Protein chains: 2
Amino acid sequence: MTWIKAPAGEPREKTRMTTFAEAFQRFADQFLPPNLSDAMHLRFQAAARSSQLGRENSLEFGDGGQHIVFVVRGATKLVAHASESRDQIVAFHFAGEVFTVPEPGNHSYSVSALKDCDILSFRWTDFSTLASSEPAVLRRLLETTMQSLRRCRENAIGLGRKTAGERIAVFLLGMAERIGSEQDGRIFLDLPMSRRDIAESLGLTIETVSRQLTKLKEEGVIQTAGRSGVILGARGHLRDRAGFLLEAA
Amino acid sequence: MTWIKAPAGEPREKTRMTTFAEAFQRFADQFLPPNLSDAMHLRFQAAARSSQLGRENSLEFGDGGQHIVFVVRGATKLVAHASESRDQIVAFHFAGEVFTVPEPGNHSYSVSALKDCDILSFRWTDFSTLASSEPAVLRRLLETTMQSLRRCRENAIGLGRKTAGERIAVFLLGMAERIGSEQDGRIFLDLPMSRRDIAESLGLTIETVSRQLTKLKEEGVIQTAGRSGVILGARGHLRDRAGFLLEAA
DNA sequence: CGGACATTTGAACCTCATCAAGGGTCGTGG
DNA sequence: CCACGACCCTTGATGAGGTTCAAATGTCCG
């Protein structure tokens, strides 16, 4: 049903951290209501497919429908294929998150791994059937979808109306909130995505991303450590550069 | 709770086409399951607020939460205010459609009328409470939200990776599908939105939109009739300019 | 028919993309 | 542990697509 593509290097098996049962259990803990009947639990489990993805490997959905994806471990990007060498990253997702993959239409979508990943996926038709009589699951899924929609809209504002500098600032603030760790007032980021990924999510080129990061570094707003490390100084300074409304706190 | 802003000219009452009861009935027909109990029906009705909006008047949501909006009659735009004179239109919605308005965060959102509108709105907290025990309503809302998400993502691809010409082509094709009327092979569009609206939804300026439309006209791909009339020739010609994947049908 | 306003058209400018090297970083193998 | 090498990232120079500013033309409403 699903097919793993390895664009560069072969899929590394490395440490297969989780078994299918463990993976599904994590999904159930995160997403299914605690009082769900054992029968339903099993039916959801039967509908789930697990995949291990090595870095930069991608999961394509051969059957042309929507899919629901749960990230058990690792970090992923949802990529839309506009055309030859014009990809747009529509969303990043980290361990514990659930999202939907649209069915192919004018553009096709795939999920790929920013770092080694364990992933659980469901065909929407299957999932929908199971969930339709479980209001708690529907609510949870609705919540998740609304969250994705909010993020997508915020992203669209950036893509449509913000300068390169503002987009980078927004990106860093967003990542800080999602995967940053705070230590004595400063926020440490270990970005799992490459400059190319950042560029493709912000509608820019890697060169522009690099230049903007350099600029922020020169202005003392951030520090960098290697390829993936970023240390944010006072968050206010980044906010000032993000082109947000003034009033907001 | 809600507040009507009239940026230019006073709100015109014109023909108030629908009473509250009629408006709610249309919503119920479209969105609530036919077998819903009378009691629930009344509770939904009690949570609904109706508004009449004249052209270019906007509905702002004073209480800072999410809202659910149903367009009874007319056509609307969902506008995000990025900052002073930098607005991004996040979605257009037409009669019969339901959508969510995000709560204000880094940016604030409002709904305004492309032409005279009747609108029904719900606070999300109210709606959510009522819907949580009605799987059919949840399913319907989930469907709607997924549809919005798909559209938003497609739009994001355009904003991030497409040229002005491609964005216009995609826009026209999308509008043709939603509000076009076909007559002997050609599609007639009566665009309810101004060039400014088109520009603000595509992340362009009105001048660029105008130039691109002129170009399409010169190339014989479209014809225009007044401000709002557009006639699409062979749809294939527009598709060729939309930057879609080649294979797709 | 007149007038306000939306749209079109034109010209100069600017941001960011593109093309092209030059450094760093990190993984691999010795 | 160090050194090599591939790849990623940075930096520089140039150019195009789209914005901005300005003005003419069209459209539609009263």
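- As annotated in an unreviewed UniProt entry, chain A is Helix-turn-helix domain-containing protein from Qipengyuania polymorpha.

Some thoughts on the pattern of salt bridges
Residues and elements named next belong to chain A.
Then, in step 1: One pass over the full model with this rule turns up 18 salt bridges over all chains.
Then, in step 2: Between Arg 123 and Asp 126 there is a salt bridge, with the nearest N and O atoms lying 3.4 Å from each other.
Then, in step 3: Accessibility expressed as a relative area gives 33% for Arg 123, which makes it partly exposed.
Then, in step 4: Note on Asp 126: relative accessible area 25%, which makes it partly exposed.
Then, in step 5: A salt bridge links Glu 143 to Arg 140, with the nearest nitrogen and oxygen atoms 3.7 Å apart. Pair noted here: Glu 143 and Arg 140 are both in helix 4 (residues 135-161), with a separation of three residues, about one helical turn.
Then, in step 6: The exposure class of Arg 140 is partly exposed, given its relative accessible area of 26%.
Then, in step 7: One connected set of salt bridges, linked through shared partners, spans Glu 56, Lys 77 and Asp 197.

Points about the protein's contact with DNA strand D
Then, in step 1: The immediate surroundings of DNA strand D are formed by 17 residues, with Ser 210 and Thr 214 of chain A together with Ala 164, Thr 208 and Arg 227 of chain B found nearest.
Then, in step 2: Sugar and phosphate atoms represent 61% of those atoms of DNA strand D found within 4 Å of the protein.
Then, in step 3: Sorting the residues of the surface near DNA strand D by element identifies helix 7 (206-218) of chain A together with helix 7 (206-218) of chain B as the ones contributing at least two each.
Then, in step 4: Ranked by residue count, the leading element in the surface near DNA strand D is helix 7 of chain A, at four residues.
Then, in step 5: When grouped by side-chain class, the residues that make up the surface near DNA strand D number two nonpolar, eight polar and seven charged.

Some remarks on the packing of aromatic side chains
Then, in step 1: Summed over the entire model, instances satisfying the criterion amount to 16 aromatic pairs over all chains.
Then, in step 2: On the basis of an interplanar angle of 20° and a centroid distance of 5.5 Å, the ring pair of Phe 27 of chain B and Phe 31 of chain B is categorised as stacked. Linking Phe 27 of chain B with Phe 31 of chain B, this pair stays in helix 1 (residues 20-31), spanning four residues, or about one helical turn.
Then, in step 3: Taking relative accessible area as the criterion, Phe 27 of chain B reaches 0% and is therefore assigned buried.
Then, in step 4: Given the relative accessible area of 2%, Phe 31 of chain B is considered buried.
Then, in step 5: Each residue in the set Phe 24, Phe 27, Phe 31, Phe 44, Phe 70, Phe 122 and Phe 127 of chain A is aromatic and connected to the rest through ring pairs, giving one cluster.

How each quantity is defined
- Residues numbered from 1 in each chain as written.
- Chains lettered and ligands numbered in written order.
- Predicted model: local features only at pLDDT ≥ 70, side-chain atom pairs only at ≥ 80, totals over all residues.
- Heavy atoms only, no water.
- Salt bridge = Lys/Arg side-chain N within 4 Å of Asp/Glu carboxyl O.
- Buried < 20%, exposed > 50% of the residue type's maximum accessible area, 1.4 Å probe, protein only.
- Helix = DSSP H or I, 4+ residues; strand = E, 2+ residues; numbered from the N terminus.
- Near = heavy atom within 4 Å.
- Nonpolar A, V, L, I, M, F, W, Y, C, P; charged D, E, K, R; others polar.
- Phe/Tyr/Trp six-rings, centres within 6.5 Å; stacked < 30°, edge-to-face > 60°.

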